[in-house]
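Observations on the three-dimensional arrangement
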Amino acid sequence: MPTRNAPDVIVVGAGVVGAACAHYAARAGLSVTVVDRGPVAGGTTGAGEGNLLVSDKEPGPELELALISAGLWRELAELLPPQVEYEAKGGLVVASDEPGMRALRAFAARQEKAGVTGREVPGDRLHDLEPHLAPTLAGGFHYPQDAQVMPAHAAARLLRTGGGRIRPRLGEEVTGLLTGPAGEIRGVRTTAGEIHAPYVVNAAGTWGGALARLAGVHLPVLPRRGFVLVTEPLPRVVRHKVYAADYVADVASGSAALQTSAVVEGTPAGPVLIGASRERVGFDRTLSTEVLRRLAAGATALFPVLGGVRAIRTYLGFRPYLPDHLPAIGPDPRVPGLLHACGHEGAGIGLAPVTGRIVAACLTGDEPPLDIHPFRPERFADTEPPAPPAP
Amino acid sequence: MTASPSEPEPSAPEPSAPEPSAPEPSAPEARREPYDLAVVGAGSAGLAAAVTASELGLAVALLDASAQTGGQFHRHPAPTLGARRPEALHHDWSAFTDLRRRLAGSSVTHLAGHHVWSTVREDDGSWTAHAVTGADGTAGRPARIRARTLLLATGAYERQLPLPGWTLPGVVGAGGAQAMLKSGLVLPGRRVVVAGSGPLLLAVASSLAAAGARVPAVVEAAGYLRYVRSPLALLANPAKAAEALSHGTALLRHRVRVRLRSAVTEVHGTDRVEAVTVTRLDADWRPVPGTGRRIACDALAVGHGLVPQIELATALGCATRRLPDGTLGLALDDLQETSERGLWAAGETGGVGGAELARTEGELAAHAVAARLLGRRADGDRIAGLRRRRDRLRAFAEVMSAAHAPGPGWQDWLTDDTDVCRCEEVTAGRIREAVTELGARDARTAKLLTRAGMGWCQGRMCGTAVSCLAAHGGAPEPPAERRPFAVPVRLSALAALDGEPDDPHPRAP
C-alpha cells in the first residue's frame, strides 16, 4: 500500500531548523519525514558556531523570537543528551571607548524594556569576567541569557527524538513538488521516488529560495558568506561569547560589502572560534586572506594573548539572508499545504526551536506562541523579478 | 645567510658547506617581485621546474619549508651531521646532485624555511604566496611572494589505515622511518616489521636492512599480480622493473621475507611494540579468520602509499581527479596546467609516480610556463620528448596506483575501540555510531559529529579511514582536501598581513 507509510508532513532540510520542525511536529503527534540531499547538518548548520543570542538583537519581532527560543533551548537541553553541549555561558559585549559605551548603554536600555537582561560592566571589572581581555577597553555589558550549543549534534539529536515518528531520508534530493488539481500540496518528488503528504515544510536554509521556486513561488533567500577561524586547542582562555560593539551594527546592515567585527569564544573541546564576517558574494568558497587578516586583528585586539596562538583551520558558511533580516516562517497562502521555515540568516541555531513550535502550531491549528505576521513568507511577492520571456 | 639584502639568497650549497638550520626572515625578496614564476616545493619536481625555468630566462622564486632542497625523496642529513655518503640510501642521487649544481649556478631565488600556508590569485591575475618563516613557522614576519605564474610541487604525504594498537610507541610511518633514516641516520628499532601497501615498502625494508636493522617480514596487502595485468606499462618502463629487482635482491641478501596478500592486523605491547599479528587477506583485503601469526619485533613501519598534498590547489578551486588507489590528485592538462589558468602543478600533486616522473613533469611545466610568458608556442622536440616520457611514466604510476588500492575489507580489522583519529582520540566505534545512528553520510559530517580530523594534523592521518567508515560499505569519497591553512599560522602573523600588496614596480601615471 503506497499510503500506509505516508507521513503527515514532509520537512525538506536536515539542518537544525528542519530538525526542530520535525521535533515539535512529532511532539504534537504528527509523523514526519525529513528529506535532505546531503547528510544531517550538511549546510549552514554544520558551518555555524552554535550561538543562541539575545544580546545582538534590536527590540522587534526577531528579538521576540529569540527570547521565546532561549527558553525553549533551556528546556531542550534537559531533554537532549550531553553531546549537544548546551552551555548557558553568557555574552559579553565590549566597547573600546566612552562613546561606544554610551551607545551600548542606550541599546541595552531599549532591550531591557523588551525583556532582555543586560548588566553594565565597568572597564576595571571586565577582568572579573574575562581575565585575558585587553586592559584598555572602556567597559561592556554582560548578557546572561546568551548561550551556545554544538549545532551538528543539536540537529542530529533532535532528529532522534519523537518516539519513532521522525523518519530521516538523507542523501535524497527533492526535485519537484507534487500538487493536486487546486494547486494544493500532495507531496514531493525526490531522486529516489515520490513521498506523499498534505504538508511540506521548506527548511532548506540558504537553498530555501530554490525550493520555493520548485513550488512556483518567489522567496529571495540569498547567501551571506561568513568565515570562522579556529585556533589550536587551548585551556579555557575565553569564558563567554565576547564581541565588540560594532557587531550589532554589522548584523543589522544589509550591505553586500565585507563587514567584520570581532566575535571570540571558547569551546568545550578547546579551540577558540573567531568570527564574524559578512559579505554577499554568492556561493563563492574561495579563501579570502583579507577576511582572515581582519578576523585575526580583531580577535588579538580584544585578547592580546591570542597573538601567539596558532590558527589551525578556517571554514566558511552561507547564512540564509532575506532582505529585511527576518526569517520566513509559516504557511504560504500561494500554495496550500506549503510552509516555510528558512531565512534565519546567522541566527538559525538560536531560533530553531521557536520556528519548530510555530510550524507545529500551524500544522495542528493551534495558536502560535507569538504574532507571526512579520514573518509571512509572501511579503516579498512584489519584489519578484519579471519572468523571462518564453523561449 | 651571508648575502646582503639586495642580493638574491644563495642557493643550496654543497653538503660540505655549513648551512644555517633556520633561515632568516626574508625581507629581500620584495626587491625582485613580482617573479615570473614562484615554485612551491623544492623536491624533485619543484627543483627541476625552477632550474629549467631559470635557464629559459625567467625570474624564479623557489619556496620550501625545509632548509635544504631535495624534498622527501632526496631528504638527506644536515651537513653538520657529517654524513660521508648520503647517497648510499638513495636512488637517483646523481640526478638530484645535478639539479642542485644547476640551481647553485642559476639566478633562482631559493627561499628556504618558507612554510606556504595559502596561495591567492590577485585581481590582476597574478599570484601571491603567503608564507611563515623559520624552522617551525614562528620566526620573523609573514612573507608574501608575488609572481605572474605559480607552480605547485608540494609532493605527497603518507596514507595511514588505523589498526588495533597502532598508537603504541614504536609504530612509525613507513615513509617516516625512511625519512628518519635519510635525514638523521636513526633506526626506529632493532627488529622492524615493514607493513602496508605500495612500492615504498620494499625500498624502506632494504634501507632499514642496509642500515643494520633486522626486518623479520615485509607485509604487503596487495598481490603483485595486478602489475602483470598491464604488461605494456611494465615493458615500457624497464627501469622501474630493475629498481624493484634491486630492492628484491637486497631483501634476499638480508634474508627478508615478503608476505603478499597479508596485513598487520594488530600491534601488541604494553609500553611499546613487542609483537604484531600478521593475517592473510582475501581479495577484498578482508582478514581470513584463523590465519593470524604473531611475529616478535620492537618496531612497526607501516604505510599504505602516498596521498597527493594538494590543499593549496583545492583551496583555489582547482579541479581534481580520482586516482586508481582512491586518493585525489589534481586534474592537469597535457602541459601540466591545472584548471586554473596560470597555475601549474608537477610531481606527486597530479598522482604519485616517483622522482623521475616528478623531474620530467617539473621540466615540462617550466617549458609551458616560459612559452606562456614569452608568448611562444609550447612545442618543439624537447617538449615532445618530455611529454612522451611523462606519459610513459604516468601510465606506470596508474598501474601501480591500481595495484595498491585498499580493498573495502580492511575495515574488518578495526575493533570498535581502535583509535582512528589520534589527535582527538576518536574511536572507530564512535564514527560508526555517527554514521548509523546520527545521519553522517560523509567524512565532513562524521568529523562534525565526532571531532575526528579536527585536531592538530587536520585529518592527514585519519582522513582515509574516516571517509571509508562514513561510506558505510559504499564507495568512499576521497577526503576533499579542503584545508585552507596548509600549515598552522599564528594569529599575530595573520593580523599583520597588509591589506594591499605594495607595488614594487610603480608605473608612471
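Digging into the overall build of chain B
From N to C terminus, chain B includes 14 helices and 22 strands. Relative to its 509 residues, chain B shows a buried fraction of 54%. Across chain B, the fraction of contacts at a sequence separation of at least 24, relative to all contacts at a separation of at least 6, is 66%. About 20,900 Å² of surface is accessible on chain B, with carbon and sulfur atoms providing 52% of the total.

What about the domain arrangement of chain B?
Residue and element names in this part refer to chain B. Here the domain parsing of chain B yields domain 1 (32–74 + 107–157 + 307–401), domain 2 (160–304) and domain 3 (415–478). A separation of 25 Å is found between the C-alpha centroids of domain 2 and domain 3. Across the boundary between the two partners, domain 2 contributes seven residues, which contact eight residues of domain 3. Both faces considered, domain 2 and domain 3 share a buried interface measuring about 690 Å² in area, 65% of it formed by carbon and sulfur atoms. Of all residues in domain 2, Gln160, Pro162 and Trp166 bury the most surface against domain 3, accounting for 60% of the area lost on that side.

Some remarks on the interface of chain B and chain A
Every contact between the two is made by 35 residues of chain B and, on the other side, 41 residues of chain A. Summing both sides of the interface, chain B and chain A together bury roughly 3,200 Å²; the carbon and sulfur share of this comes to 63%. Between chain B and chain A we count one salt bridge in total. Inspection of the chain B/chain A interface yields 10 residue pairs in polar contact (both at pLDDT 80 or more). Looking at the side of chain B that touches chain A residue by residue, the classes come out as 17 nonpolar, eight polar and 10 charged. Sheet analysis places strand S17 (residues 310–321) of chain A next to strand S22 (residues 489–490) of chain B, joined by two bridges and oriented antiparallel.

Considerations on the sheet that holds strand S18 (residues 328–331) of chain A
Residues and elements named next belong to chain A. Here we have six strands laid out as an open sheet, ordered S8-S2-S1-S12-S19-S18, and mixed in their pairing. Among the strands making up the open sheet, the edge pair consists of strand S8 (166–170) and S18. Strand-to-strand twist in this sheet, taken as the mean axis angle between neighbours without regard to direction, amounts to 20°. Bridge count for strand S1 (residues 9–12) against strand S12 (residues 199–202) is four bridges, and the pairing is parallel. The residue bridging Val9 from the neighbouring strand is Tyr199, located in S12.

With respect to the sheet that holds strand S4 (residues 91–95) of chain A
Read from one edge to the other, the open sheet built from nine strands follows the order S5(A)-S6(A)-S4(A)-S14(A)-S15(A)-S16(A)-S13(A)-S17(A)-S22(B), with strand pairing classed as mixed. Either end of the sheet is taken by a strand with one partner, and the two such strands are strand S5 (119–122) of chain A together with S22 of chain B. Two elements, strand S14 (residues 241–244) of chain A and strand S15 (residues 259–266) of chain A, share two bridges in a ladder whose sense is antiparallel. Note on S15(A): the bridge partner recorded for A:Val242 is A:Val264. Where helix H8 (residues 289–302) of chain A meets the sheet, its contacts fall on S4, strand S13 (222–231), S14, S15, strand S16 (272–278) and S17 of chain A, and the angle it forms with S15(A) comes to roughly 55°.

Some remarks on helix H1 (residues 44–55) of chain B
All names here are of chain B. Across its 12 residues, H1 extends 17 Å between first and last C-alpha, which sits within 8% of the 16 Å expected from 1.5 Å per residue. Burial analysis of H1 places 11 of its 12 residues in the buried class, the great majority of the element. Every buried residue of H1 is listed here: Ser44, Ala45, Gly46, Leu47, Ala48, Ala49, Ala50, Val51, Thr52, Ala53 and Ser54. At the exit of H1 stands Gly57, carrying a positive phi of roughly 100°.

What counts, and at which threshold
- Residues numbered from 1 in each chain as written.
- Chains lettered and ligands numbered in written order.
- Predicted model: local features only at pLDDT ≥ 70, side-chain atom pairs only at ≥ 80, totals over all residues.
- Heavy atoms only, no water.
- Helix = DSSP H or I, 4+ residues; strand = E, 2+ residues; numbered from the N terminus.
- Buried < 20%, exposed > 50% of the residue type's maximum accessible area, 1.4 Å probe, protein only.
- Contact = heavy atoms within 4.5 Å.
- Areas by Shrake-Rupley, 256 points an atom, 1.4 Å probe, with all protein chains shown as cover.
- Domains from an automatic or database assignment.
- Buried area = accessible area lost by both parts, 1.4 Å probe.
- Salt bridge = Lys/Arg side-chain N within 4 Å of Asp/Glu carboxyl O.
- Polar contact = N/O pair within 3.5 Å; in protein donor to acceptor, adjacent residues only side chain to side chain.
- Nonpolar A, V, L, I, M, F, W, Y, C, P; charged D, E, K, R; others polar.
- Pairing = 2+ DSSP bridges.
- Axes fitted to C-alpha atoms, helices over the stretch in contact; angles between N-to-C directions.
- Expected span 1.5 Å × (residues − 1).

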